[in-house]
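Close look at the chain arrangement
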Amino acid sequence: MALLSNCTVALLLLAFALSTCLYINNLSNHETRLVRSVYAKLNRIKPHERLVNTNPTKTQNNSVDTKGVHPESSQNTDISRDIKCTMAPESRFDCARDRLLSQGECEQRGCCYAPLPKSAGPPWCFYPSLYPGYKMGPFSPTTRGRAANLTRATPSYLPRDISTLKLEIIEETAGCLHLTLKDSSSQRYEVKLPAGVPQNKSDPTQDVLYTTEYQSDPFGFIVRRKSNGRVIMNTTVAPLLFADQYLQLSTSLASSLVSGLGEHYTSLLLDLNWTSLTLWNRDMAPHADANLYGSHPFYIVQEEDSLAHGVFLLNSNAVEVMLQPTPALTLVAIGGILDLYVFLGPDPESVIRQYLQVIGYPMMPPYWSLGFHLCRWGYTTTNTTRHVAERMHNSKFPMDVQWNDLDYAAKRRVFTFDPWRFGDLPEMVEEFHERGMKYILILDPGISSTSPPGTYSPFDDGLKRDVFIKNATGHILIGEVWPGPTAFPDFTNPETRSWWEDCIRDFHSKVPVDGLWIDMNEPASFVQGSVEGCPDSDLENPPYTPIVVGGQLNSGTLCMSAQQKLSTHYNLHNMYGLTEAYATHSALRKVRGKRPFVLSRSSYPGIGRFSGVWTGDVRSDWEQMRYSIPAVLQFSLFGVPLVGADICGFGGNTTEELCVRWMQLGAFYPFMRNHNDKPNAPQEPYVFGQKAQAAMRSVLNLRYSLLPFLYTLFHHAHATADTVARPLFVEFPTDPNSQTIDRQFLWGSSLLISPVLEQGAVELAAYLPPGTWYSLHNVSRTTLYHSLTIPLAHRSLKPKGQPFYSKGQYLLLPAPLETINVHVREGHIIPQQEPALTTTASRRNPFFLTVALSAGGWARGDLFWDDGDSLDNFEMGNYCYVLFIAGQSQVVSDPLRLNGALDGLVLGGLQVFGVPSPPLYVLANGDKVRDFTYRSDTKVLTVTSLALPMTKVFTVQWAL
């Protein structure tokens, strides 16, 4: 009986405990639910990588000071609160961005709390309309524009809030508005891009393209397009926040068609459905929802009526961008200042040009760098490397540059070469040079710190010259990369740049490399922060950490408290690759006395002035190939035209079909390199079957024939900030169908590239913008490439019929394995050259022209030509420039500038698309030409066996 009684009591107690737990749990869910708008579903971040600080010693720093924040008085009615909090869910701006909040804490901030059925999507804690913030004082004139003070009567909820700010407005040009928000009482870190960007001054005779309005209390500004009143930016939609390590600015967007904010694994158009993007350079293979190698806080918005604008936040700290379907976005930077440029275009190409006027126009690459490059981590000896180059040559694959990964280095230390496996490296490089080829090797920034004193001069000399990044205590920070423990050069230090140049000069005197590949320069480290860890500070564990791979800013890189010449690594991290590219470009320029070639993995605005970029460790799969197109196009928007992805993929094993299709696509990357990782199956073109080899050889010859055109596009990029690989929306802003396309792209305004991106596909639905388009497959090139003995681009294809007169529509095109569809746009003339196995050889061959007549019978094109390697040719006027014009049944050349580079070179032939009927005869400079053909089915006139000097005016006429 006693036992039964005890059991009854125990059961009652257990039931009471369970009911109490359920009640408390329900109460917690109802009353104190924690909300923070970092959504696992959308961001796909692993739970242990979520970005709430988990360091127990930092709990106090993660809490937010709420003193000075006055929730609504109990005298205010619930109706008043309801009015302020009544808004569409997609228009809510997150008031719990910085940390998890309960309902009570949310309302204590003066924010609205309204749960929604789904946990992902709009925030539950959000700002009411007219949330208290800064109050703006009157404007006063400054030397650059006008300025006003912003003050807030009570602190915000952020730690170390800054109560007084200075707003400065500078009208840089008619199409560029510049706004800065700074702490008015103390100096904060500000980004200074490398010197040499020409400063644009506003022309007082030009009418600006914008108007500005200012809301005084709470402060916000509105930028409108002057021509139509459209709102470009409106920051009154949510409060401005400005604390020591948390700067937040929100704005509405003029449309949902937003591109930029790289580097991320995304489509060209960004997803605005409650997406978060973090800009924080990281050694991370491309995949969705991760911060990758570069940071580019610039975006471009396609508006209605073919207009466009862009916004650039010049800030090198970690930046998080929240996109929402209003449409709107919120920028959060965790340091520095808010330094905003607004570019009014009015068209997309003008927006990019205005952006590049701020960050600098891209460098002019050497001509040879536009050829085919071949690399692998795993060419373990000079003999292996030689054998690869020989097999490429014997298999008749054009190739200009042979590369080596870190295999060459003794104990993986840069500026050395292994005496056993690469003992004759200098001789191998000279052999390549004798064959008209170039040679490039990898150069990581990490300098081995464990060699015996006196045995490794880069570290010994660097110690003496004090060039390495220090830790918080002033000692050299040691991380770990491929050679083991390493020190990291501080490229913001002028002495480091001088030391770097000396290292390159000394190495180049032994191994005359033609360019340098700067990898691992985010900078990457295999230990977190340093081998000794990092101090416990607000730099290492800030009050707010954006969503980053690894969960902390120092994951896979250096301590944030590390000391550099200009500032802490916390402020400078995203610029490390840029500063190294600047130092490397400058060193090569001085050491070689020729045009530098640098390829960087890490990037930041302005890097296109010094370097090309590749998209990192892509996998050998169809999805990664497909996403390489928007990646390349994004870098075009960022002012980095020399860009490409590792053809056939770096990680994993390719297949023959994938590699053929990737070679066809990669032939139209501005930078073309096949690169492979050590453990994978070989993917050099010669390892595949004969049919695959023929397809690869064909498209390589097509690329090499087009190099004069590609080089001319790079000249225009360098001189006038035109894009090379161009999104369709940039060239066709009035065409609504072109707004979203990122499976096709253009070279300049003339060539449309439509690659196959799906396994097994033998036909392709390709979009042709309005106008007439001529397929390059419609004509055999046998007669134009008469001197070649190798298979040529698509020669086996039969004509596909008449030109395409598109109204802006998709067409189903045949695309067998040997084909990539390339179309020439009416009204354009493409300069080409007979291809060869290297550009050294092809540059001596005859030119030919592909002329695509418009409906009215007109076309235009041009050719920029120099020696392809010397410094500052355009700046010094040391080049040739030839204009080509077609009309009234003739093609005429006009050499506007000559310098000798075209001497001895001739026009060997031309093909004219759109000739309506068979010519009665053809004349070249007044003399009858015998070697011409005309095809009635394709309306193509082909003229061969010409030898017209390129340095003189020539005329080719046909009589109908």
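The structure displayed is predicted, hence computed values, not measured ones.

1. What to know about the sheet that holds strand β17 (residues 319–324)
Within the open sheet, the five strands sit side by side as β11-β12-β18-β17-β14. Their pairing is antiparallel. The open sheet has two edge strands, β11 (241–243) and β14 (275–279), and neither has a second partner. Each strand of the sheet is rotated relative to its neighbour by a mean of 15°, with strand direction disregarded. Here three bridges tie β11 to strand β12 (residues 246–252), and the two strands are oriented antiparallel to one another. Across the sheet, the residue bridging to leucine 241 is glutamine 248, located in β12.

2. Let's talk about unusual backbone geometry
Backbone phi values are negative for most residues with the exception of glycine, while trans is the configuration of most peptide bonds. Following threonine 326, the chain continues into proline 327 via a peptide bond in cis, with omega recorded as 10°. With respect to the helices and strands, the residue proline 327 is situated in the loop between β17 and β18 (328–333). Looking along the chain, the bond that leaves glycine 345 and enters proline 346 is cis, with omega of 20°. By the secondary structure assignment, proline 346 is in the loop between β19 (338–343) and α6 (348–359). One non-glycine residue with positive phi stands out, namely arginine 412, at about 65°. Inspection of the secondary structure puts arginine 412 in the loop between β21 (401–404) and α8 (425–434). Assessed through its relative accessible area of 32%, arginine 412 is described here as partly exposed.

3. Some words on the pattern of salt bridges
As enumerated under the stated definition, the model contains 40 salt bridges in all. Across the pair arginine 230 and glutamate 304 runs a salt bridge whose closest N-O atoms are separated by 3.7 Å. Here glutamate 304 lies in the loop between β15 (296–302) and β16 (308–313) and arginine 230 lies in the loop between β9 (220–225) and β10 (231–234), a separation of 74 residues in the sequence. On the basis of relative accessibility, which here comes to 15%, the residue arginine 230 falls in the buried class. Here the salt bridges share partners, and the residues they tie into one network are Asp461, Arg465, Glu495, Glu501, Asp502, Arg505 and Lys590.

4. Focus on the confidence of the model for the chain
In low-pLDDT segments, the atomic positions of the prediction should not be examined closely. Across the chain, the average pLDDT comes to 90, with 88% of residues at or above 70. Low pLDDT, under 50, characterises residues 1–77; the predicted model gives this stretch 111 contacts beyond four residues in sequence or across chains.

5. As for the sheet that holds strand β8 (residues 210–215)
Ordered by their spatial adjacency, three strands build an open sheet running β8-β9-β10, and the pairing between neighbours is antiparallel. Each edge of the sheet is formed by a strand with only one pairing partner; in this case those strands are β8 and β10. Strand after strand, the sheet turns through a mean of 15° between neighbouring axes, direction not considered. Where β8 lies against β9, six bridges are found, and the strand directions are antiparallel.

Thresholds, definitions, all that
- Residues numbered from 1 in each chain as written.
- Predicted model: local features only at pLDDT ≥ 70, side-chain atom pairs only at ≥ 80, totals over all residues.
- Heavy atoms only, no water.
- Pairing = 2+ DSSP bridges.
- Helix = DSSP H or I, 4+ residues; strand = E, 2+ residues; numbered from the N terminus.
- Axes fitted to C-alpha atoms, helices over the stretch in contact; angles between N-to-C directions.
- Buried < 20%, exposed > 50% of the residue type's maximum accessible area, 1.4 Å probe, protein only.
- Salt bridge = Lys/Arg side-chain N within 4 Å of Asp/Glu carboxyl O.
- pLDDT = per-residue confidence, 0-100.
- Contact = heavy atoms within 4.5 Å.

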